[in-house]
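So the chains spell out like this:
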Amino acid sequence: MIDTIISPRKQASYGIKKQLSFYLSVFLSRSAAKSNIQRELLPEYTLNLVPVVRNYESISEKLLSSFELPREEIDFVLLNLFIFPECYEFFFSTSDILEILKSYSSKSYKSILNFQRFMKERHPDWDMKHPKNPNFMPMLISGRIFVDLFQNLYFNSSAISIFKHAAKAYPNLLPQIQKRLLKFEPRLSQNKLKSLSLRYAQAYVMEFSPQDFEPEIRILLASDMAMYLDKLVIDRVEHLLKDRFNFKLTTDSTTPKIDLVLSTGVVEEKLENIRRIYINPEITKKDSETIIADCYTILDEKIKNLQ
């Protein structure tokens, strides 16, 4: 059924087809047990939104003829396509969805715009009309529709314990996003806040590092090498740290509040009291381990100072 719904000219991944098949089978089982969706439980924009699905009439007819579903169930199935950002290239355009939300659900529409403004505040050079990642807007819109559809229920259809992972790897990511959401929607329930912040966070990391919200570690490369060798060392250090820390790596010794010095030789006297690691220009395995360990120590100290 999923293969017949998705146009044969579009190549959907096995993973998304498997997820859609799982959801559809759950919905069909529930409907077969006479536990049908009630129209009043669906978002207020449902009747206006589902027709923007490409081939809406033919898909609806396939569902009706194959499973004899009530109209509310068909709308519910189609509405679930909107919670999968991977589906957007197959079924609808983001501009059409935003127009519907703007007309029929100002709260949801403004929520999306508010989060875009939040990102623009943190990254003034970001072009919010032309995101770097084409999946950004689908991720953002699908997150809001998920919360509108499932309300106080939140769940993840993968085996990853995503809240636990986020709390461990990026402890400030969700709390900072929740703080912004509550500023705009102070009456959000705890469950809605938890669900919406997670989904907006997933959109955020399509454009920027999740480390953005963590304390910044300032690292100075104090080198006595040629400029091109400095560039090689910088590239290696950035590759080592980019997925672990929010950091700034510089060769300018006048940069204030340096946390860590990476040195290939003798350092200036004014840097002698700063935490320092002597490194090989090749960045050996031991160098890598020491740099990472010291950065974690610095991060822990910064977090404690913030508490």
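Look up a bit, the structure's there.
What you are looking at is a predicted structure, and each value in this text was computed from that prediction instead of being measured.

**Considerations on the environment of Leu79**
Consideration 1: Within the secondary structure, Leu79 sits in helix H5 (residues 71–81).
Consideration 2: Expressed as a C-alpha distance, the spacing of Leu79 and Ala33, which sit 46 residues apart in the sequence, is 21 Å.
Consideration 3: Those residues in contact with Leu79 that sit more than four places away from it in its chain are Pro43, Thr46, Leu49, Val50 and Leu149.

**Regarding the packing of helix H7 (residues 94–104) against helix H9 (residues 136–150)**
Consideration 1: Running from N to C, H7 and H9 point in directions that differ by 35 degrees, and their axes come no closer than 11 Å. In this structure, the crossing between H7 and H9 has a hand that is left-handed. Contacts between H7 and H9 involve Thr94, Ile97 and Leu98 from the first element and Met137, Pro138, Ile141 and Ile145 from the second.
Consideration 2: Residue composition of the contact of H7 with H9, grouped by class: 6 nonpolar, 1 polar and no charged.

**A few points about the packing of H7 against helix H8 (residues 106–122)**
For any two helices packed against each other, the geometry comes down to the angle between their axes and how far apart the axes lie.
Consideration 1: Running from N to C, H7 and H8 cross one another at 125 degrees; their axes reach a closest spacing of 6 Å. With respect to H8, the axis of H7 lies oblique. Between H7 and H8, the residues in contact are Leu98, Leu101, Lys102 and Tyr104 and Ser106, Ser108, Tyr109 and Ile112, respectively.
Consideration 2: Looking at the contact of H7 with H8, its residues break down into 5 nonpolar, 2 polar and 1 charged.

**Let's talk about the side chain of Ser105**
Consideration 1: Topologically, Ser105 is positioned in the loop between H7 and H8.
Consideration 2: When near neighbours in sequence (up to four residues on either side) are disregarded, Ser105 contacts Glu44, Tyr45 and Ile100.

**Here we look at helix H4 (residues 56–67)**
Consideration 1: In a regular helix each residue adds 1.5 Å, so 12 residues correspond to 16 Å; H4 covers 16 Å between its end C-alpha atoms and thus fits that length.
Consideration 2: Residues of H4 that are buried include every one of Tyr56, Ile59, Ser60 and Leu63, and no others. Looking down the long axis of H4, one finds its buried residues gathered within 100 degrees of arc, a one-sided arrangement. The outward face of H4, more than 90 degrees from its buried face, is lined by the exposed residues Glu57 and Ser65.

**What about the pattern of salt bridges?**
Consideration 1: Summed over the entire model, instances satisfying the criterion amount to 11 salt bridges.
Consideration 2: The partner of Asp235 in a salt bridge is Lys231, and the shortest N-O contact between them spans 2.9 Å. Placement of the pair is Asp235 and Lys231 together in helix H13 (residues 227–241), with a separation of 4 residues, close to one helical turn.
Consideration 3: Across the pair Arg275 and Glu301 runs a salt bridge whose closest N-O atoms are separated by 3.2 Å. Here Arg275, found in the loop between strand E3 (260–263) and strand E4 (276–278), pairs with Glu301, found in helix H14 (residues 285–306); they are 26 residues apart in sequence, far enough to count as distant.
Consideration 4: According to the relative accessible area criterion, Glu301 is partly exposed, its value standing at 39%.

**Some details on the pairing of E3**
Consideration 1: The alternating pattern of E3 places Leu260 and Leu262 and Val261 and Ser263 on opposite faces, both of which are buried.
Consideration 2: Here 4 bridges tie strand E1 (residues 217–222) to E3, and the two strands are oriented parallel to one another. Residue pairing in the sheet places Leu220 in a bridge with Val261 of E3.
Consideration 3: Bridging between E3 and E4 involves 3 bridges; their strand directions are parallel. For Ser263, the partnering residue across the bridge sits in E4 and is Tyr278.

**Describing the side chain of Glu214**
Consideration 1: Turning to its location among the elements, Glu214 is positioned in the loop between helix H12 (190–207) and E1.
Consideration 2: Salt bridges are absent for the buried Glu214, whose nearest opposite-charge side chain, Arg122, sits at 8.7 Å.

**Some details on the nonpolar core**
Consideration 1: In this structure, Leu49, Phe82, Phe92, Ile97, Ile145 and Ile177 are the most contacted members of the largest nonpolar core, which totals 68 residues.
Consideration 2: Among the elements that take part in this core, H9 stands out by supplying 10 residues, more than any other.
Consideration 3: The residues contacting Ile97, other than those within four sequence positions of it, are Leu49, Phe82, Tyr88, Phe92, Ile141 and Ile145.
Consideration 4: Formed by 22 residues, the second largest nonpolar core is a distinct cluster that contains Leu221, Val233, Val237 and Ile291.

**Let's talk about the sheet that holds E1**
Consideration 1: Spatial ordering of the open sheet is given by E2-E1-E3-E4, a layout of 4 strands whose pairing is parallel. Of all strands in the sheet, those with a lone pairing partner are strand E2 (247–250) and E4, marking the two edges. Averaged over all neighbouring strand pairs, the angle between strand axes comes to 20 degrees, with direction disregarded.
Consideration 2: Taken strand by strand, H13 contacts E1, E2 and E3, and its axis lies near 170 degrees from that of E2.

What counts, and where the lines are drawn
Residues numbered from 1 in each chain as written. Predicted model: local features only at pLDDT ≥ 70, side-chain atom pairs only at ≥ 80, totals over all residues. Heavy atoms only, no water. Helix = DSSP H or I, 4+ residues; strand = E, 2+ residues; numbered from the N terminus. Contact = heavy atoms within 4.5 Å. Axes fitted to C-alpha atoms, helices over the stretch in contact; angles between N-to-C directions. Left-handed = near helix turned anticlockwise from the far one by under 90°. Nonpolar A, V, L, I, M, F, W, Y, C, P; charged D, E, K, R; others polar. Parallel < 35°, antiparallel > 145°, perpendicular 65-115°, else oblique. Expected span 1.5 Å × (residues − 1). Buried < 20%, exposed > 50% of the residue type's maximum accessible area, 1.4 Å probe, protein only. Arc of directions from axis to C-beta. Salt bridge = Lys/Arg side-chain N within 4 Å of Asp/Glu carboxyl O. Pairing = 2+ DSSP bridges. Lys, Arg positive; Asp, Glu negative; His and termini not counted. Core = buried A, V, L, I, M, F, W, Y, C linked by side-chain atoms within 4.5 Å.

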